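Geometric and topological summary
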Amino acid sequence: MATVFVDDRPYEMNAEQNLLHGCLSQGFKLPYFCWHPALGSVGACRQCAVKQYKDEHDAHGRIVMACMTPASEGARISIADPEVVAFRAGIIEGLMLNHPHDCPVCDEGGECHLQDMTVMTGHDYRRYEFDKRTFRNQNLGPLVNHEMNRCIQCYRCVRYYRDYAGGEDLNAFASRDRVFFGRHEDGVLENEFSGNLVEICPTGVFTDKTLKHHYVRKWDQQFAPSICVHCALGCNTDAGERYGSLRRIVNRYNHEVNGYFLCDRGRFGYEFVNSDKRFRQPVLRGQPTSVAAAHRYLEETIAKGRVIGIGSPRASLESNFALRSLVGADQFYSGLADQEAKLIRQMLEILRRSPVRTPTLREIEECDAVFILGEDLTNVAPRMALAVRQSVRQQPMETVKKLKIPLWLDFGVRDAMQDAKGPLYIVAPYRTRLDDVATATFHAAPDDVARLGFAVAHALDSTAPAVAGFDDSTLAGEIAGALKAAKKPLVISGTSCANEAVIRAAANVAKAANAALSFIALECNTVGAALIGESPLSAAFQAVRDGYADTVIILENDLYRRALHAEVDSMLSAAPHVIVLDHLPNRTTEKAELVLPAGTFAESDGTFVSSEGRAQRFFQIFTPQNDVSASWCWLKPDRWRDLDDVLAAMSAEFPELAAVREAAPSASFRIAGAKVPRSPHRESGRTAVLVNINVSEPKPPEDPDSPLSFSMEGTPDQPPAALIPFFWSPSWNSIQAVNTYQKEIGGPLRGGDAGVPLFEPAALNGQPYFSAIPPAFRPRGGEWLLVPMYHIFGSDELSLAAPGIAQLSPKPHVAVNSSDFAEGMEVEVTCAAGMFRLPVRIYPEIPPGVAALSAGLPSLAGIVLPAWGKIERAR
């Protein structure tokens, strides 16, 4: 730490940072635009000016930019000096010359960083009386709106999009005194993280187009802390609601998980909550019924029959446990497809025995050599892909440090690094979106992916099993050398290849390299569902077909997405009674005798366990004005009064899940006797919100399951991280208010970040090397090995019901590398699941004899992959 004097008072600041970072960390209101904690300093806007003095005797000083000046020991600066105050006022006046007078109709109004900084500098009158510079706006697709006239040329957007996220289709176009930020032509932004422009932009140039469809000001929304439901990474979000409709998702900062950014699926996939197709009341034998009748039927059916329960990897821990408690431990099935359940069990066994804790996303960014085995991260774990993209900068940073360039000086760092990248090796059946920053890529069938992994482990440690007949020893040696030389090596693998040997190979490499190991699951609570129940779907199907069960309760799970349709049909037709809890209609709900309207993440409380093994709580955002209820509320016994009772019972039965109770404060938590308000204190029109029910303002709903209130009433103090519904602080109305919640800018939140890890490192590495190495892949004449190909837009069941995401979803296709087919040609793909007519996409890198099928898209859901099949020209 360094002692820096600000207006003659000493303050402790991080000596490895700049003065702007230090001043903001100390709570000073110093305006800025171009700087961002994740992007570093470029000094483009000149707004953070301070006066710096040589020593205590210097009475004149000089104006410097705080973001470009190191926080060195003994530095003396002034924020309040009249000359520098006037300088900052002049800068903001210049930036505002061409800015439109449209705050009342701007989507950013009331949460605009430009508004905050204008007020902070005291600029309140516009002297400029001439024509303004104007631009034509672009259509950038269904997710991000573009209003270029509001731009102040801070360059944040292109720095984030191109330098941080790796996008190429957004740029700065300049001519004379005009700078335009956009695409070379109208069109959908191609980067999967483009939605972060909404929060990166300090003005209203880039805004949430999905919010525009049902716009409401920030101060009129009701918020609650939540967790993204669209993959297994557990990104933290804040969700805003008004009039019983979910309006938007914004990033909720978690230093260890998602930091400042979300992927587009996580940010814009929320609109399934508002779908007109939602179940809003119980449905019995195809007809709406009352809650009382549904409960009575449920109780009577369970009482007189033999019941099994099928859980779900997209339902909360509490809901899965409630179903397990209702039907009994021996009659509960995890809801995972057989192969996936087997892979997840293998991953959990490895993690429990590993001496190295699974890295957080922040720690992945800091790794200096990464080996990805069998995963297309951008499409299955997008936020991890963004973290890996930052990791390739770590090794070249060592050169920057030797040159004594401050790491926060972004243009200096990038100038020194040029195009240098650290080691990143990707082994997968087909190309990935990270290939552009990879040191080398290797495309192979799943068994050959595993064989390369085993060969790398043997190259690292000769006691690891050797791979007979392996032909790529040069690449294996190169990867092994990079991992061995690294200070923080990392191995990433998962279930995408649906191949157990790939997971075991990754474990061998991590053990041999003493590297961190990160496994990927596919859904928001896959790990949690596996911890609650181990029995796979096939066992449930067999129990029904053998007559051991006559009632099946299915929890938030479309079984037709997880097994062959014929097998699901056989099981459901054999069950006299089928009861389903879910949000949206699907093929499984069509076969149900009773459908119970299950609450989404927006209408319920619960806990998810991420692929890292981090348990995190999400909270109800609003109380639905219908019969929708959390699944665990439909299923819980009378002795459980609230969520805390469910957690207590679950912790008692599963000691491994005992720490889940610490994921967030209990419902009894208070700050000075008050709950935490879900609504900003500026909320307006509270009476008008419910005027269709009563012209008098009713009492806000009670929430027995959390320490949050459904109103603006509550503590004004900052709550613990797990309970932060929105970021706001006096003078900071934009998302930049997160600065005031952090111990240090860009660091952990005060009181620690949300969530609790469930898997602690083992004392010793009790996992021996795996020795079962598959033989080399051999193509079959006339047949193809069909492997899954996931899509960030389309493969996830829930986000596909969001209109914006649905527009970006690709059409189902089969990807091959063959001279027998042409791009776009119609073919017939025949496998155990049936015959599918699909267009061809040519992927030259896919190995001969292998074809990739779009996974998760509705018309192809339920195909069990990998599988052998035939591909023939359509007749």
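1. Quick notes on the overall build of the chain
Of regular secondary structure, the chain possesses 26 helices and 35 strands. Over its C-alpha trace the chain gives a radius of gyration of 28 Å, about what one expects of a compact globule, namely 29 Å for 875 residues. In the chain, which comprises 875 residues, the share counted as buried stands at 63%. Look at the contacts in the chain between residues 6 or more apart in sequence, and 74% of them connect residues 24 or more apart. Within the structure as shown, the chain displays about 32900 Å² of accessible surface, and the carbon and sulfur contribution to it stands at 50%. The distance from the centre of the 88 positive side-chain charges to the centre of the 104 negative ones in the chain is 1 Å.

2. Some thoughts on the domain arrangement of the chain
Under the domain assignment, the chain is made up of domain 1 (2-95), domain 2 (357-514) and domain 3 (784-873). Measuring from the centre of the C-alpha atoms in domain 2 to the corresponding centre in domain 3 gives 27 Å. Between domain 2 and domain 3, the contact holds 15 residues from the first and 17 residues from the second. The largest per-residue losses of area from domain 2 upon contact with domain 3 belong to Asn379, Tyr430 and Arg431, which jointly make up 46% of the total buried on that side. Linking domain 2 with domain 3 are one salt bridge, by the criterion used here.

3. Here we look at the side chain of His230
Along the chain, His230 turns up in the loop between β10 (222-227) and β11 (236-242). Classification of His230 as buried rests on a relative accessible area of 4%. Engagement of the side chain of His230 in a polar contact is seen with the backbone oxygen of Gly269, the distance being 3.5 Å. Apart from the residues within four sequence positions on either side, His230 is in contact with Arg265, Gly266, Gly269, Tyr270, Phe272, Asp796, Leu798 and Ser799.

4. A few points about the side chain of Arg76
Along the chain, Arg76 falls in strand β5 (residues 76-78). Residue classification places Arg76 among the buried positions, given a relative accessible area of 15%. If near-sequence neighbours (up to four positions away) are discounted, Arg76 is found in contact with Phe5, Asp8, Lys51, Gln52, Tyr53, Asp55 and Glu56.

5. A word on the sheet that holds β11
The three strands are arranged β10-β11-β12 in an open sheet whose pairing can be described as antiparallel. Taken across any chain shown, the strands that pair with only one partner, and hence form the sheet edges, are β10 and β12 (245-251). This sheet shows a mean twist of 30° between the axes of neighbouring strands, independent of strand direction. Two elements, β11 and β12, share six bridges in a ladder whose sense is antiparallel. Bridging from a neighbouring strand, Ala239 pairs with Ile249 of β12.

6. Some remarks on the environment of Ser354
Its location among the elements puts Ser354 in the loop between α10 (338-353) and α11 (361-365). Separated by 161 residues in sequence, Ser354 and Phe193 place their C-alpha atoms 32 Å apart. In this structure, Ser354 is in contact with Pro761 and Ala762, ignoring residues within four places of it in sequence.

7. Details of the packing of aromatic side chains
Tallying each qualifying case throughout the model produces 19 aromatic pairs. Between Phe272 and Phe601, the aromatic rings sit 6.1 Å apart at their centres with planes inclined by 50°, giving tilted as the arrangement. On the criterion of sequence distance, the pair formed by Phe272 in the loop between α7 (264-268) and β13 (283-284) and Phe601 in the loop between β24 (594-597) and β25 (606-609) is long-range, its members being 329 residues apart. Judged on exposure class, the residue Phe272 and its partner Phe601 are both buried. Geometrically, the ring pair formed by Trp784 and Phe821 is tilted, given 6.0 Å between the ring centres and 45° between the ring planes. Pair noted here: Trp784 is in strand β30 (residues 784-789) and Phe821 is in the loop between β31 (814-816) and β32 (826-831), with a separation of 37 residues, a long-range link. Phe821 shares its class with Trp784; the two are buried. Lying over the aromatic face of Tyr769, Lys511 brings its terminal NZ or CZ to 5.2 Å of the ring centre. Lying over the aromatic face of Phe710, Arg678 brings its terminal NZ or CZ to 3.8 Å of the ring centre.

Cut-offs and rules
Residues numbered from 1 in each chain as written. Predicted model: local features only at pLDDT ≥ 70, side-chain atom pairs only at ≥ 80, totals over all residues. Heavy atoms only, no water. Helix = DSSP H or I, 4+ residues; strand = E, 2+ residues; numbered from the N terminus. Rg over C-alpha atoms; globule rule 2.2 N^0.38 Å. Buried < 20%, exposed > 50% of the residue type's maximum accessible area, 1.4 Å probe, protein only. Contact = heavy atoms within 4.5 Å. Areas by Shrake-Rupley, 256 points an atom, 1.4 Å probe, with all protein chains shown as cover. Lys, Arg positive; Asp, Glu negative; His and termini not counted. Charge placed at Lys NZ, Arg CZ, Asp CG, Glu CD. Domains from an automatic or database assignment. Buried area = accessible area lost by both parts, 1.4 Å probe. Salt bridge = Lys/Arg side-chain N within 4 Å of Asp/Glu carboxyl O. Polar contact = N/O pair within 3.5 Å; in protein donor to acceptor, adjacent residues only side chain to side chain. Pairing = 2+ DSSP bridges. Axes fitted to C-alpha atoms, helices over the stretch in contact; angles between N-to-C directions. Phe/Tyr/Trp six-rings, centres within 6.5 Å; stacked < 30°, edge-to-face > 60°. Lys NZ or Arg CZ within 6 Å of the ring centre and 35° of its normal.

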